[in-house]
Structure formats: C-alpha cells, structure tokens
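Remarks on the overall topology
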Amino acid sequence: MKIIFSLSLSFFLLMPLTKGHSQNETPPSSNPHYWQQHVDYTMEIDMDVETYKYTGTQKLVYTNNSPDVLNRVYYHLYPNAFQPDSEMDARLKSIPDPDGRMVNNLGTRAEPNYESRISKLGPDEIGYIKVNSLTQDGKNVNHETEGTILIVTLNKPIQPGEKTTFDMVFDAQVPVQIRRSGRNNKEGVALSMAQWYPKLAEYDDEGWHAHPYIAREFYGVWGDFDVKITIDKNYTIGGTGYLQNPNEIGHGYETGTVKKQKGKTLTWHFKAPNVHDFTWAADPEYIHDKVQIENGPMLHFLYKKTMPAEKLENWKILQPVTEQLMDYFNTHIGDYPYDQYSVIQGGDGGMEYGMCTLIVGEGTISGLISVTAHELAHSWFQFVLASNENKHSWVDEGFTSYIQDRALDAISETNSDNPFAGSYRSYIAMANSDREQPLTTHADRFAYNRAFSVASYVKGALFLSQLGYIMGEDNLNKTLKQYYKEWAFKHPKPMDFIRVAEKVSGLELDWYLTDWAQTTNTIDYAIKNVESEDHKTTVTLERIGLMPMPLDLEITYTDGSKSAYHIPLRMTRGAKPTPDSTTVLSNWAWAYPTYTFDIDKKKSAIATITIDPRGYMADVNRENNEFKVN
Ligand SMILES: [Zn+2]
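Rules behind the numbers
- Residues numbered from 1 in each chain as written.
- Predicted model: local features only at pLDDT ≥ 70, side-chain atom pairs only at ≥ 80, totals over all residues.
- Heavy atoms only, no water.
- Donors = N, O, S within 2.8 Å, 3.2 Å for Na, K, Ca; no water.
- Buried < 20%, exposed > 50% of the residue type's maximum accessible area, 1.4 Å probe, protein only.
- Helix = DSSP H or I, 4+ residues; strand = E, 2+ residues; numbered from the N terminus.
- Contact = heavy atoms within 4.5 Å.
- Expected span 1.5 Å × (residues − 1).
- Pairing = 2+ DSSP bridges.
- UniProt positions renumbered as here; feature names shortened; annotations may be inferred.
- 1 Å grid on protein atoms, 1.4 Å probe; cavity = no way out; pocket = protein on both sides within 12 Å on 5 of 7 lines; lining within 4 Å.

Re the coordination of the zinc ion
On the protein side, the zinc ion has His374 (NE2), His378 (NE2) and Glu397 (OE) as donor atoms, found 2.0 Å from it. Classification of histidine 374 as buried rests on a relative accessible area of 8%. Accessibility expressed as a relative area gives 0% for histidine 378, which makes it buried.

And the structure:
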C-alpha cells in the first residue's frame, strides 16, 4: 500500500506498513504496553551555494505517547560537532587510533603525529546551527545550546497523549567536509547534507537520548517530513523523500512535460512518510539514472559525470546488482517498505540514511558493490527496525554486516561454506588481544576505534552466524523474518531479538545474549584425551573458556568414512534440529569442565576427531579442536 502522509501514529500501529504484507498490527507480544513518540516536520530551507550557508524554518508537531509528563525536550544540532574544541574534536585528539579521514598525519606511518582536521577549521569552514527563535504553541520558549544539543525548557509541560507545536527559525553553515556531511569533499561533491537540521532527540521507555555527536551512531523519532529546499537551479538533489513537484524540477525526476519554475533557483518539495531522518545531497554535475524494480521501489542513482570513464562504467554495473541486493534482502528479511531508494555519490565512506545512502563513488567496482550492499542492508536494520545504535551498535552494524556477507556470497555465486571465515579470524585476533570491550559498550566509549569496529561489525555479525550454529540455520532464517515482522518501526532491543529466536526454536537462549554481548568471555573447547578399551574408544572433551556452547563433532575414520555427533548444551533445554545421520549425545551441563563419550569402534579405526568442522563456533583456540588419533 501507499502510505498516506497525514496519518497519526496510532493508525500506523494498526495498519500494515508494507505493500501487501501484514505487519505492525499490534504491539509486539512481549510488551503489551509498548509506546513510541511521534514527530511531524515541516521545513523550508534556503541554500546559498556560494557561501554554504542556509536558513530554515521548521514546524515540528510532537506527540507525547509516553505515560510521562515532559518538562523539557532536546534537539540534536549535529553540525556543531564540526568546530574546533567540540567534543568530536577533543575525541579526535585523544583517541590513539583516530579515523584517518578526520586527521592529517604530520608524522610518518611508523610514528604518526595526528592533527585533527576539525581543529584547523576557520569561521567560514565550520559547521553550525544557530537557533534564532523558538516557540512552543506560539509562545517564546527558553532554549540553550550545549555543544551539539539544544536544551528546551518548556513553558507548558507536555502531558501524556498531548501534542505540542514548536516553530523554529535557524541559520546554519555546511562545514568543510570532515566526515559524512559537509561541502566539497575529496570526490568534489558539492553538498552532502546528512544530520543537517535541528532534529528532536528520542524519548523512549529508557528516558531521553540526547546524546552528544562525538563520533558515530544515531537514534531518532519516526514521523512524517514535508521539506522544501530552495537551491541554485543547476543543482540536482538526491535523498530521502518523494519529490512532489517533479515536472517543475526536471533533473531526471520528471514524469511528463517539464515546466520549470522561473528564476535562478528551484524549490524542491519532498515528502517522506514514517522516517526518522531526512538526508540529501546536491551537486551541479550529477548524472541521474532511474531503475524501476518490478513490484518494488524505484531506484535512483546519482553520481558525478566528471569522474573517469571506467568509474562511470562501474555506476552502470552497480545498477542491476543493486536490484539483486534489494531482492535478496526482501526475501531474507522482509519487504522494503518504501517506494524509493537512492544510491548517491556523497564522496566520503558510506553511510545509511532514510530511503537513501551516501557513498564514495570512485573506488573499485567490488568496493562500490560491497558498500552499496552494506548501506542498503542498513535500510532494514538501522532504518526500519532502528534499535538505539548508541547503546546497541552491534545489533545494527553486526546484523547488517551478516546479511551483506550472505547476500554478496549468493549474488557472486561464490556459495562458500562459511562466508564469515574472515570475520571469525578478526574477532579471534581481537579476543586474544587485550583491547576487546563488550558489545554493551556505548559506541562512543571504546578505547580504540578498532575495538569498536571489531565489536560492532564483526562480533555483531558472528552473533548471528554463530546463532545459526546453535539453533540451526533454518531456525535462524525464520527468526530474522519473524523479528522484522514483529519489530519493524519499533526500536527493538537485543532481548527482543533473542525472545523471537527462543520462540522460533523452542530453545532457551538468554545465556547466549548474556555471554556474547555483555561480557568478553571466550569460547575454547578442546579434545583432551582419546583412549581405547576393548572394542570401544572413549573421548574426553574439555571446556577451557568460560562461555558455554553446544558442540558439533566430526569423526573421520581410517577408511575415509565420517560420522557426525552433536552434544546439546543443557541450559538450552533442547537441541537444534540435526540430520538423521547425526548422533545426538546426552547434553553437557556447563559447570562440568569435562565430558566423556564412547565411540563403538577401536581407536585404531579412527583417524581424526574435530570439534566444529565448519568453523561456525568462535573458538579462540582452534588448535585444540582437532585430535589426530592415527
Ligand atoms: Zn554500517
């Protein structure tokens, strides 16, 4: 179905949101008291492409669906991060391994001496949003800017169930590009407008999330956006939202005869229903291609015509691949709920936004496909499910990386037995170092950027691949779809995911979430001893690591034949489905450090015994997983 813009939140909770697929009929079964806040934005923006300054008016209708009285509200003013002495600048100067894109290295590679690029920004180069006026229901309201946060002390507290309207007038400047948003980045894209407007912070059952913009990760309130952007008529815009006046604009959006507005500027009118972010990019040199997916969204590709010919060719190759990726994610997670998705050259890394992504445009073709796969996959996890990324970055980055790896493996027809082998290696290296921090660490609070990346992207992806090992692949596939169906547009927490997994599999799995996400306990199982008596062989296994796991075992005999065994973990109160040919042994209770079982063959008939032959268990010492008997 098409989503109608003026619908209230309660209507959205009752109505299917995806085309033809029922979803969101009721609050999730695990929390009958579920609620979420709602915002509707109406903005008019005037962008000066000469000075990179823009002015804006914003009307924000806020609905307090919480059971609480709100005395304050908070807005994010993200561009303020790009100023000397901001928290982002301070963090860049103090972290031992800063993001290479955000610093200049004045030393050598071996002995680096980093200089924060933010610290060098002049007054005309910094980013800012200055709030000139703010009213609540027509009356001036007290507000104060503290770093990247605007603190608003309300004249009139917002009661549960009440709506209030804020009207703001602001001035802003697009920073010289440092990271994500900004102007004139190294690929020459004029305007990458991410996190560019005053954005209301999220309030949920854990309270306010007015987190400062220090490094990464976002969390927002869903609502309907109505945005008018006035800009030099030569600039093409791509971004969130459906263009309402395509035939006044042209630029490849037209659906009929173009009758352009008169004057040096065009006013682009976008509407975006039920999104928690609105992002755009603009450049006078964008090529704009469109691909209509059958029964699916319209894909838009915007990239600079000035790049070398072979790079331009990459953007053509990318288009049918994006279609395949969209199909893969729709099939394996659930339907993409919007009618449009845009892949836009933003010129810096890759970042996911509502109905679009901004990515680097001039890398290799495999890099271009890989970053598109990753950012597109975020549409399901970061955008539609939208867990609080600050607290649970791994649920977003990890799940996205997991499905990205699977999709790329399938689309490239590699069909490898373990597309995550490289991820297991990098997690194991981190677990064996002294730098690992648990997944529950706030995204900004990792001691090293590298520790954040391995935790969120890698250990988060392995959470799923290893869960497939624990509960069985089919159960994992069903869990992902059920999770999306139950929790789309609801900001789930990690426990919500594991509850879906438990219901799908019938297994108790809370221990897995606890050990894997809340601790740095490691997995290490070993084959301790193999002994023969009469016509049987006794195998003794040992649990060395603190983290519990069920075990898959493979025994290879000297005649070349093999047999498979499975040892369930007692605390799961069940076992995963296994093929008939697998022998399921009695369960192993975690507290016992060893486990013994018999094989009905002489020791001389056994060649090797292997724990987890497919390598889906993140055992930090694989050397003791294989025992050569003969
Ligand atoms: Zn990501």
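Digging into the side chain of histidine 269
As for its placement among the helices and strands, histidine 269 is situated in strand 19 (residues 265-275). In contact with histidine 269, other than residues within four places in its own chain, are Asp226, Val227, Lys228, Tyr242, Leu243, Gln244 and Asn245.

Some details on helix 9 (residues 473-487)
With 15 residues, helix 9 ought to run about 21 Å at 1.5 Å a step, and its terminal C-alpha atoms sit 21 Å apart, in line with that. Those residues of helix 9 that are buried lie in contact with helix 4 (309-332), helix 5 (365-385), helix 6 (393-411), helix 8 (449-471) and helix 10 (494-505). Immediately beyond the C-terminal end of helix 9, within one or two residues, lies phenylalanine 489, with a positive phi of roughly 65°.

Let's talk about the pairing of strand 29 (residues 562-567)
Where strand 28 (residues 551-557) meets strand 29, six bridges bridge the pair, whose relative direction is antiparallel. Bridge pairing in strand 29 links glutamate 554 to alanine 564. Hairpin connection, strand 28 to strand 29: the antiparallel pair is bridged by four residues, and glycine 560 has positive phi, about 95°. Summarising the sheet, strand 29 and strand 30 (residues 582-584) pair through three bridges and their orientation is parallel. Bridge assignment links histidine 566 to a residue of strand 30, and that residue is valine 584.

Looking at the UniProt feature "active site" (unreviewed entry) in the protein
In the numbering used here, UniProt assigns the "active site" (unreviewed entry) feature to Glu375 and Tyr457. A maximum C-alpha distance of 12.7 Å is found for the annotated residues, which run over 83 residues; spatially they form one tight group. Of the residues annotated just before, the largest pocket has Glu375 and Tyr457 among its lining. Secondary-structure assignment places glutamate 375 in helix 5. Apart from the residues lying within four places of it in its own chain, the contact partners of glutamate 375 are Tyr341, Gly350, Met351, Glu352, Thr357 and Ile359. With respect to the helices and strands, the residue tyrosine 457 is situated in helix 8. Those residues in contact with tyrosine 457 that lie beyond four places of it in its chain are His374, Glu397, Gly398, Ser401 and Phe452.

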